[in-house]
Amino acid sequence: MSSSAETAIAPDAVLDALEAEAIHVFREAAGAFRRPVMLYSIGKDSSVLLHLAVKAFAPARVPFPVLHIDTTWKFREMIAFRDRMAREHNLDLKVHTNAEGVKEGVTPFTHGAHEYTRIMKTVALREALDHGGYDAAFGGARRDEERSRAKERVFSLREPGHRWEPRKQRPEFWRTANTQLADGQTMRVFPMSNWTELDVWRYIQREQIEVVPLYFSKERPVVERDGQLIMVDDDRYPLRDGEQPEMRSVRFRTLGCYPLTAAVESKADNLDDLLAEMLIDRRSERAGRLIDGEGGGSMESKKTEGYF
Amino acid sequence: MSSTSSKETIALVEHPIVRVVACGSVDDGKSTLIGRLLAGTESIPDDILDYARNTRRSGSTIPKGEVDFSMLTDGLEAEHEQGITIDVAYRHLYLPSGRRAIIADAPGHEQYTRNMAVAASTADIAILLVDATRGIRPQTHRHLTVCAMMGVRTVIVAINKMDAVGYEHVAFEELAGGVRKAAARFDLEEVEVVPVSALTGDNVLERSQSMSWYHGPTVLEALTSWRPAPVEDQTKAPFRMPVQVVVRADEFRGYAGTVVAGSIRPGDKVVVNAKGSPISVERVIIGGQDREEAHAGQAVTLTLETETDVTRGDLLVAPADGEAAEHFPRPATAFAADLVWTGEEELRHGRSYLLMAGSLAVPAVVTAIRGRRDVVTGEEMSARTFKMNDVGHVEIATDTPVPLDPYSLCRDTGGFLLVERVSRDTVAAGLVRHALRRAHNVVPHAFTVDQEARARLKGQTPRVLWLTGLPGAGKSTVADALERKLHGMGLHTYVLDGDGVRTGLNKDLGFTPEDRAENVRRVAETAKLMLDAGLIVIVSLVSPFRGDRRAAKALFREGDFLEVWVDTPSEVVVERDPKGLYAKAKAGTLPNMTGVGQMYEPPENPDVVIDGAGDLDASVNQLLDALEVTH
Ligand SMILES: Nc1nc2c(ncn2[C@@H]2O[C@H](COP(=O)(O)OP(=O)(O)O)[C@@H](O)[C@H]2O)c(=O)[nH]1
């Protein structure tokens, strides 16, 4: 009754369908909104997002700017990668940092992960969106990332002040999106809503999309804290008494601010090995983000504040 | 890209992603069933499984340490607290065939028909839960009705909690018979009824040891054995592609969109908006590469052989020959349609909504409510309005002719949204039954003598000055003084006065917020006719609500409508009280009096602000300036 050889669906076919859906969403938003922008966080999802944007409008150039919120604590390799991508794809790259936060010396260590993230990411993002006058922002969020995301819309409405109100979210019928905005409203748009982490990696492999090398294993200087491996990317990282970075073969499943992103021990230094490891290790990728470790609903409360 | 063109094309026709809507009433065991399906197909990360081992909702009887499958699909915090599902959630299921299933988990409560409709709108399959201990209930009929209406053709009915009825064959047969009978009312291709226990796992992923009398598929098998309609049927559906964006680069000009029905090859002919002459397709491009063919579901860019005026919102369709002729979506301005009302606000008769279908957006009005459908009994009853979660049959009229298909032919070109023009909320989902052909006769005639011609003859620029303010602010006084001045200058004017229209045109309306909205709408439409006639129209109307004024302004071209706030301090207004209204309101005999019993919302961005307590001549001069009339 179940899968016989002739009915088996190739993984490529699933990717084709996901790609088509994402391109549809990109085009719809680009056509409907006055001033869209693409959020670019330099990670693998952003790399796929960028690749999809390029495909959606080829042979024309990506018809909107690309925005990076720089918290000043990103891995150094990420910044170098970002600048190279911008050059290679001829992107209109905008970088924004919460200057106020920098002035006040906000760091993950002085203010705690949660407050730091609120100021340097959430507030910074709001500032950048307001300042740019953007009415829509593309993001690479996926529904499989976290339980509360399963209910996220592809076109997610934000009230004035970027507030996300569960009750104001619009019903999504068919492929038709209500892209109309009332005064002060904006839209977050997630073309990759239906992708899984595995889809992302398979697609990266198939399309030969370049990603930041931090995703692949290498000897890196790390310290172990509360059971998490943290890479010491520069000398700003305050070591505790007796703590000494040691070289270990690690990679990252997700990339963010280096003091808040845990590494996993791994030998996978290429895509094939990485995919193989993923099929065995079936933990959700957010397990590696220290900021999300505060219970299943924490993403939701952050979102109501305007976090992406 | 590694795959060849023909391989890829076939792959998409195979429908690599199947969409499933899961429906059931609260406590039927839907979360448990879905959780089991997800866990059993390795579609859930291990740390979430751990969470479901260690976290319990109040009232749960499942011992800690065992997986509570219902926790796997747990979502928003607000729902944790209420212990119910209030919104549609989407989850991935890796089917053994390699096909991906996206399960839309729709909430069970009766009041969430609209969310069910959302989940069903894209679904190929419905999983419908029936609790064996409770039997077939009104909800079962509701779910069947909504699924069938939204175009779901395959239904897997899971008769759940068989463990609680002793795995009895007789009990199952009775329920299965009842469900089959209920389903027979609808146009469904396949109904599979499966006896399961979501709690113990019987017949979910694995065959039940306790129900040897059952020989049909498990739920997972039933999902996996689903097949898309045969290719011949799909290609019979004529080509449709709504244009989303025009891609321009150097010499290149392409039309980008998703093929929603049929297929297209270079050399095929298409017609823009189903009118005019067929044009040949030159290139079919996917992801920057030329293809020999593209099918429904693919995002493509087409170039045409002849230079044509095609923009976003246009629909490219196969020409009306052969089999396609019957289905040709000749543009029309009136349609019979089914609506699912999703708005907080009720349907307003005669109000202009925005109709959105694909990338198309056009003003539309519900011209007749034919009836409301009882989603449990299927009966149609007469209705004057729809409120949230109502389903019914209406006639709608669009401002301009649009090419829409019957929903049964194509969901994407036959389904539409109605959007409220001020709040921008989606107030309804619509499903076209058919175009109303007689509407061809009422397509507005493009008259040769137009607003501009009439205005030229009068030697003036027509404008609408919309004076808003508290009762007694001085709107009528200003309107009168301004009209006298303009008249004296030989200009053609008319004052539409709030009190005046209430004795005639609007004498059927009261002062509730709804009636005030309708009052404003009618005055605005009248002003629009007068503007078209070439007049300078001075409207003097309290119009206390921002939303109503914004809706009025939306009827006009930029610049034709000037919002004038006659701003008078409320002490002055109460003092003046020319008609004794404030006195009455204070005495309590006038409940909805603006400024006393009802709010006045001052304009946020008025074009002109007049001091209603200031010098009248100065006010008139201010308005003359705004009209750009030399004085
Ligand atoms: N006896 C029995 N109880 C079940 C079965 N499936 C679910 N339940 C119980 O019914 C209750 C509601 O289940 P849940 O999955 O949360 O229902 P939902 O509201 O439809 O999502 C829980 O207490 C479950 O343990 C079943 O097959 N047999």
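Residues numbered from 1 in each chain as written. Chains lettered and ligands numbered in written order. Predicted model: local features only at pLDDT ≥ 70, side-chain atom pairs only at ≥ 80, totals over all residues. Heavy atoms only, no water.

Student: Please explain the overall build of chain A as it appears in this structure.
Tutor: Within chain A one finds eight helices and ten strands. Sequence-distant contacts in chain A: of pairs separated by 6 or more residues, those separated by 24 or more amount to 73%. Looking at chain A as shown, the accessible area adds up to about 11500 Å², and 50% of this sits on carbon and sulfur atoms. (Helix = DSSP H or I, 4+ residues; strand = E, 2+ residues; numbered from the N terminus. Contact = heavy atoms within 4.5 Å. Areas by Shrake-Rupley, 256 points an atom, 1.4 Å probe, with all protein chains shown as cover.)

Student: Help me out: how do you make sense of the sheet that holds strand β5 (residues 155-158) of chain A in this one?
Tutor: In any sheet, the strands associate via hydrogen bonds between backbone groups, in a parallel or an antiparallel arrangement. All names here are of chain A. Taken in spatial order, the six strands make up an open sheet running β3-β2-β1-β4-β6-β5, and their pairing is mixed. Every interior strand has two partners, whereas the edge strands, β3 (93-96) and β5, have only one. Shown here is a sheet whose adjacent strand axes are inclined to one another by a mean of 30°, direction ignored. Across four bridges, strand β2 (residues 66-69) lies against β3 in parallel orientation. Note that in β3 the partner of His-68 across the bridge is Val-95. (Pairing = 2+ DSSP bridges. Axes fitted to C-alpha atoms, helices over the stretch in contact; angles between N-to-C directions.)

Student: Would you mind showing me how to read the interface of chain B and chain A here?
Tutor: At the junction of the two partners, chain B supplies 93 residues and chain A supplies 67 residues. When chain B packs against chain A, close to 6600 Å² is buried across both sides, 55% of that on carbon and sulfur atoms. Connecting chain B to chain A are four salt bridges. The salt bridge partner of Glu28(A) is Arg312(B), with a shortest N-O separation of 2.8 Å. The interface formed by chain B and chain A contains 21 residue pairs in polar contact (both at pLDDT 80 or more). (Buried area = accessible area lost by both parts, 1.4 Å probe. Salt bridge = Lys/Arg side-chain N within 4 Å of Asp/Glu carboxyl O. Polar contact = N/O pair within 3.5 Å; in protein donor to acceptor, adjacent residues only side chain to side chain.)

Student: What's the story with helix α7 (residues 271-280) of chain A in this structure? I'm lost.
Tutor: Structurally, the α-helix is built with 3.6 residues per turn, so residues lying three or four positions apart point the same way. All names here are of chain A. For α7, the set of buried residues is Leu-271, Leu-274, Leu-275 and Met-278. Each buried residue of α7 sits inside an arc of 95° when the element is viewed along its axis, so together they form one side. Among the exposed residues of α7, those oriented more than 90 degrees off its buried face are Asp-272 and Ile-280. A side-chain oxygen of the first residue of α7 lies 3.1 Å from the backbone nitrogen of Asp-272; this N-cap is Asn-270. (Buried < 20%, exposed > 50% of the residue type's maximum accessible area, 1.4 Å probe, protein only. Arc of directions from axis to C-beta.)

Student: Is there a simple way to explain the pattern of salt bridges in this structure?
Tutor: Close approach of charged atoms allows side chains with opposite charge to pair. Residue and element names in this part refer to chain A. Inspection of the entire model under this criterion finds 54 salt bridges over all chains. For Lys-55, the salt bridge identified is with Glu-207, shortest N-O distance 2.9 Å. Of this pair, Lys-55 sits in helix α2 (residues 44-57) while Glu-207 is found in helix α6 (residues 197-207), placing the two residues 152 residues apart along the sequence. Here Lys-55 and Glu-207 have matching classes, each one buried. Here Asp-70 makes a salt bridge to Arg-82, at a shortest N to O gap of 3.8 Å. Linking Asp-70 in the loop between β2 and α3 (76-88) with Arg-82 in helix α3, this pair joins segments that are twelve residues apart in sequence. Each of Asp-12, Asp-16, Glu-19, Lys-55, Arg-206 and Glu-207 takes part in a single network of salt bridges with overlapping partners.

Student: Teacher, can you tell me more about the site of the ligand here?
Tutor: All names here are of chain B. Lining the immediate environment of the ligand, one finds 16 residues, of which Asp-27, Lys-30, Ser-31, Thr-32 and Asp-163 sit closest. The separation between an oxygen atom of the ligand and a polar main-chain atom of Asp-28 is 3.3 Å. Asp-163 is positioned such that a nitrogen or oxygen atom in its side chain is 2.7 Å from a nitrogen atom of the ligand. Surface burial for the ligand is 80%, taken as the share of its 580 Å² of free accessible area covered by protein chains. Here the residues of the shell around the ligand are counted per class, giving three nonpolar, seven polar and six charged. (Near = heavy atom within 4 Å. Nonpolar A, V, L, I, M, F, W, Y, C, P; charged D, E, K, R; others polar.)

Student: Where do I start with the confidence of the model for chain A in this structure?
Tutor: Low-pLDDT portions of the prediction should not be read for the details of their coordinates. All names here are of chain A. Across chain A, the average pLDDT comes to 85, with 89% of residues at 70 or higher. Between residues 1-6, whose pLDDT stays under 50, and residues either more than four places distant or in other chains, the model counts seven contacts. Every residue in residues 291-308 is under pLDDT 50, and counting partners more than four places away or in other chains gives 55 contacts. (pLDDT = per-residue confidence, 0-100.)

Student: I keep staring at the packing of helix α5 (residues 113-121) of chain B against helix α6 (residues 138-149) of chain B and nothing clicks. Help me out?
Tutor: The description of two helices packed together rests on the angle between their axes and the distance between the axes. Residue and element names in this part refer to chain B. In the contact formed by α5 and α6, the axes pass within 9 Å of each other and the chain directions differ by 45°. Taken together, the axes of α5 and α6 are oblique relative to one another. Between α5 and α6 the crossing geometry is right-handed. Between α5 and α6, the residues in contact are Thr-113, Met-116, Ala-117 and Ala-120 and Arg-142, His-143, Val-146 and Cys-147, respectively. When grouped by side-chain class, the residues that make up the contact of α5 with α6 number five nonpolar, two polar and one charged. (Parallel < 35°, antiparallel > 145°, perpendicular 65-115°, else oblique. Left-handed = near helix turned anticlockwise from the far one by under 90°.)

Student: How should I be thinking about the packing of aromatic side chains in this particular structure?
Tutor: This model, assessed by the stated rule, comprises 18 aromatic pairs over all chains. Positioned above the aromatic ring of Trp73(A) is the side chain of Arg236(A), whose terminal nitrogen or guanidinium carbon lies 3.8 Å from the ring centre. The ring of Phe511(B) carries the charged tip of Arg502(B) above its face, separated from the ring centre by 4.0 Å. (Phe/Tyr/Trp six-rings, centres within 6.5 Å; stacked < 30°, edge-to-face > 60°. Lys NZ or Arg CZ within 6 Å of the ring centre and 35° of its normal.)

Student: What's the story with the sheet that holds strand β26 (residues 536-540) of chain B in this structure? I'm lost.
Tutor: Residues and elements named next belong to chain B. Read across the sheet, five strands follow the order β25-β26-β24-β27-β28 without closing on themselves; strand pairing throughout is parallel. With partners counted over all chains shown, the strands left at the sheet margins are β25 (493-497) and β28 (608-611), one partner each. Shown here is a sheet whose adjacent strand axes are inclined to one another by a mean of 20°, direction ignored. Pairing of strand β24 (residues 463-468) with strand β27 (residues 561-567), which is carried by five bridges, proceeds in the parallel orientation. Bridge assignment links Leu-465 to a residue of β27, and that residue is Leu-562.

Student: Honestly, the side chain of Arg225(A) in this entry has me stumped. Any pointers?
Tutor: Residue and element names in this part refer to chain A. Here Arg-225 is to be found in strand β7 (residues 218-225). Classification of Arg-225 by relative accessible area gives buried; the value is 11%. Within the local environment of Arg-225, its side chain forms a polar contact with the side chain of Glu-243, the two groups lying 2.8 Å apart.

Student: Please explain helix α3 (residues 46-54) of chain B as it appears in this structure.
Tutor: Buried within α3(B) we find Ile48(B), Leu49(B), Tyr51(B) and Ala52(B). When α3(B) is viewed along its axis, its buried side chains cluster within an angular range of 155° and face the same direction.

Student: Can you help me understand the pairing of β28(B) in this one?
Tutor: It is a general feature of regular strands that their side chains alternate between the two faces of the sheet. Residues and elements named next belong to chain B. Of the two faces of β28, only the one carrying Val-608 and Ile-610 is buried; Val-609 and Asp-611 on the other face are not. Bridge count between β27 and β28: four bridges; the pairing is parallel. From the neighbouring strand, Trp-565 faces β28, where its bridge partner is Val-609.

Student: What's the story with unusual backbone geometry in this structure? I'm lost.
Tutor: For residues besides glycine, phi is generally negative; the peptide bonds are generally trans as well. Residues and elements named next belong to chain A. At the junction of Ala-58 and Pro-59, the peptide bond is cis and its omega measures out at 5° in the coordinates. Within the fold, Pro-59 resides in the loop between α2 and β2. Unlike most non-glycine residues, Thr-72 shows phi in positive territory, near 75°. Take Thr-72: it is sitting in the loop between β2 and α3.

Student: Sorry, what's going on with the nonpolar core here?
Tutor: A general tendency of soluble globular proteins is for nonpolar side chains to be buried together. Core analysis: the biggest nonpolar cluster contains 174 residues, and Phe26(A), Met38(A), Val21(B), Met150(B) and Ile159(B) have the highest contact counts within it. When residues of this core are assigned to their parent elements, the largest contribution, eleven residues, is made by helix α1 (residues 11-32) of chain A. Not counting chain neighbours up to four residues away, the residues in contact with Met150(B) comprise Phe173(A), Trp174(A), Ala117(B), Ala120(B), Ser121(B), Val340(B), Tyr407(B), Arg411(B) and Leu431(B). Core analysis: the next-biggest nonpolar cluster, separate from the first, contains 26 residues, Leu339(B), Ala383(B), Ile396(B) and Val427(B) among them. (Core = buried A, V, L, I, M, F, W, Y, C linked by side-chain atoms within 4.5 Å.)

Student: When you look at the pairing of strand β3 (residues 100-105) of chain B in this model, what are you seeing that I'm missing?
Tutor: Residue and element names in this part refer to chain B. β3 sits mainly inside the fold: six of its six residues count as buried. Residue alternation in β3 divides its side chains into two sets, Arg-100, Ile-102 and Ala-104 and Ala-101, Ile-103 and Asp-105, and both sets are buried. Of the strand pairs in this sheet, strand β1 (residues 17-23) and β3 are connected by six bridges, and their pairing is parallel. Each bridged residue has a counterpart across the sheet, and for Ala-22 the counterpart in β3 is Asp-105. By the bridge criterion, six bridges tie strand β2 (residues 89-94) to β3 in an arrangement that is antiparallel.

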